[in-house]
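# Observations on the model geometry
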Amino acid sequence: MQRYFVSAEQFSEHAVVITGDDARHIGKVMRGKPGDKLIVSDGSSREALVAIDSIETGEVKATILEPLVMDREARLNVTVAQSLPKGDKMETVIQRCTEIGAVSFVPFLSERTIVQYDAKKEGKRLERWRKIAKEAAEQSHRNRIPTVEQPLSWKGLLSSFGDYDLVCYCYEKEDGKQIRDVLKPFVEQLGPDAGANVLIVVGPEGGFSEKETAQADEAGAISVGLGKRILRAETAGMVALTCVLYESGEMGGM
Ligand code: SAH
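Residues numbered from 1 in each chain as written. Predicted model: local features only at pLDDT ≥ 70, side-chain atom pairs only at ≥ 80, totals over all residues. Heavy atoms only, no water.

### Digging into the state of the cysteines
Evaluated as defined, the whole model comprises zero disulfides. With no disulfide of its own, Cys97 has Cys170 as its nearest cysteine by sulfur position, at a separation of 10 Å. For Cys97, a relative accessible area of 0% translates into the label buried. As a non-bridged cysteine, Cys168 has Cys170 as the owner of its nearest cysteine sulfur, 7.3 Å distant. Exposure remark for Cys168: the relative accessible area of 0% places this residue in the buried category. (Disulfide = S-S within 2.5 Å. Buried < 20%, exposed > 50% of the residue type's maximum accessible area, 1.4 Å probe, protein only.)

Put into structure tokens, the structure is as follows:
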């Protein structure tokens, strides 16, 4: 069934109003008609099965049939910080990592980031990334839409490390600790039901410089390997995120 995210104000006790692009999508793309059922979520606490009452340009009114409570969110809140990759690869990272279960994305600029970052176009790009997160969250039946933060400088990213319970930066030259060596004890010490905030940091196509890895170590991050093969920048985040969720029992076994 088709799902849509709306803001909390669009929900009233027995009804919901869907506006903007989503309303157009229901009318034009899905060719919705009165009586059709949809799932509507406010992205945090309310989610409901609804039936369409009326469809007008830019506005769909629907009646709530029943509240839904299925929680599809992961126990660990994983943020993916990605040094801006070339072309539209950041979009791929956001789309795929939303499907997998990331709660937030932090693009950042580091020494070897190849792309030029045009501050003037920033608003548009950010808007597009947020739209991609919303659509991917709808697609994969998430209860919440991951946030996409304003791109940070490397320094800005370093100073955010204190906000997390665990920060791992993916480093292909790390031949000691692989990601599981760090995650397994971390999850064990958390206990079966506790949540935690985990930050995964992925470098650009050219990798991190030694200066950057030293700064990350100093700021409290742990360097982790993702196996012996070198992954593309846009693949590494998906792999690391999947490893974290697997290790925390998200794919069974706990
Ligand atoms: N230019 C480097 C590879 C960079 S890969 C080289 O050719 O050696 C881009 C980013 O993906 C890296 O900064 C790192 O964060 C991540 N990455 C890729 N493969 C990895 C691996 N095997 N272990 C850990 N991190 C990896």
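### As for the site of the ligand
Around the ligand, 18 residues are found, and the nearest of them are Cys170, Glu205, Leu226, Arg229 and Leu231. At a separation of 2.6 Å, an oxygen atom of the ligand approaches a polar backbone atom of Cys170. Within the backbone of Tyr171, a nitrogen or oxygen atom sits 3.3 Å from a nitrogen atom of the ligand. Look at the ligand: alone it shows 560 Å² of surface, and the protein chains cover 84% of it. Along the lines of polarity and charge, the residues of the shell around the ligand split into 10 nonpolar, five polar and three charged. (Near = heavy atom within 4 Å. Polar contact = N/O pair within 3.5 Å; in protein donor to acceptor, adjacent residues only side chain to side chain. Areas by Shrake-Rupley, 256 points an atom, 1.4 Å probe, with all protein chains shown as cover. Nonpolar A, V, L, I, M, F, W, Y, C, P; charged D, E, K, R; others polar.)

### A look at the environment of Gly162
With respect to the helices and strands, the residue Gly162 is situated in the loop between α4 (154–158) and β10 (166–170). Judged by its relative accessible area of 71%, Gly162 falls in the exposed class. Gly162 sits 59 residues away from Ala221 along the chain, and the two C-alpha atoms are 9.5 Å apart. (Helix = DSSP H or I, 4+ residues; strand = E, 2+ residues; numbered from the N terminus.)

### Observations regarding the side chain of Arg3
Mapped onto the elements of the fold, Arg3 is located in strand β1 (residues 3–5). One polar contact links Arg3 to Glu47, side chain to side chain, over a distance of 3.2 Å. There is a polar contact of 3.0 Å between the side chain of Arg3 and the backbone oxygen of Arg142. In contact with Arg3, not counting residues within four places along its chain, are Ile39, Ser41, Glu47, Arg72, Glu138, His141 and Arg142. (Contact = heavy atoms within 4.5 Å.)

### So, the domain arrangement of the chain
Splitting the chain by domain gives domain 1 (3–67) and domain 2 (76–247). If you average the C-alpha positions of domain 1 and of domain 2, the two centres end up 33 Å apart. In total, domain 1 and domain 2 occlude about 710 Å² of area from one another, counting both sides; carbon and sulfur atoms represent 50% of this. Contact with domain 2 buries surface across domain 1, with Arg3, Phe5 and Gly43 losing the most and accounting together for 73% of the total. The tally of links from domain 1 across to domain 2 stands at one salt bridge. With a closest N to O distance of 2.7 Å, Lys134 and Asp22 form a salt bridge. Counting across the domain 1 and domain 2 interface gives four residue pairs in polar contact (both at pLDDT 80 or more). Only β1 and α1 (20–29) provide two or more residues apiece to the side of domain 1 that touches domain 2. Looking at the side of domain 1 that touches domain 2 residue by residue, the classes come out as two nonpolar, three polar and four charged. (Domains from an automatic or database assignment. Buried area = accessible area lost by both parts, 1.4 Å probe. Salt bridge = Lys/Arg side-chain N within 4 Å of Asp/Glu carboxyl O.)

### Observations concerning the pattern of salt bridges
For the structure on display, the rule yields 12 salt bridges. With a shortest N-O distance of 2.9 Å, Glu91 and Arg128 are connected by a salt bridge. With Glu91 in helix α2 (residues 89–100) and Arg128 in helix α3 (residues 122–139), the pair connects residues that are 37 residues apart, well separated along the chain. Given a relative accessible area of 43%, Arg128 falls into the partly exposed group. Between Lys134 and Glu138 there is a salt bridge, with its nearest N and O atoms 3.2 Å apart. On the criterion of helical spacing, the pair formed by Lys134 and Glu138 is a turn pair, its members being four residues apart in helix α3. Here Glu138 falls in the buried class, since its relative accessible area comes to 10%. A single network of salt bridges, built from pairs that share partners, joins Asp22, Lys134 and Glu138.

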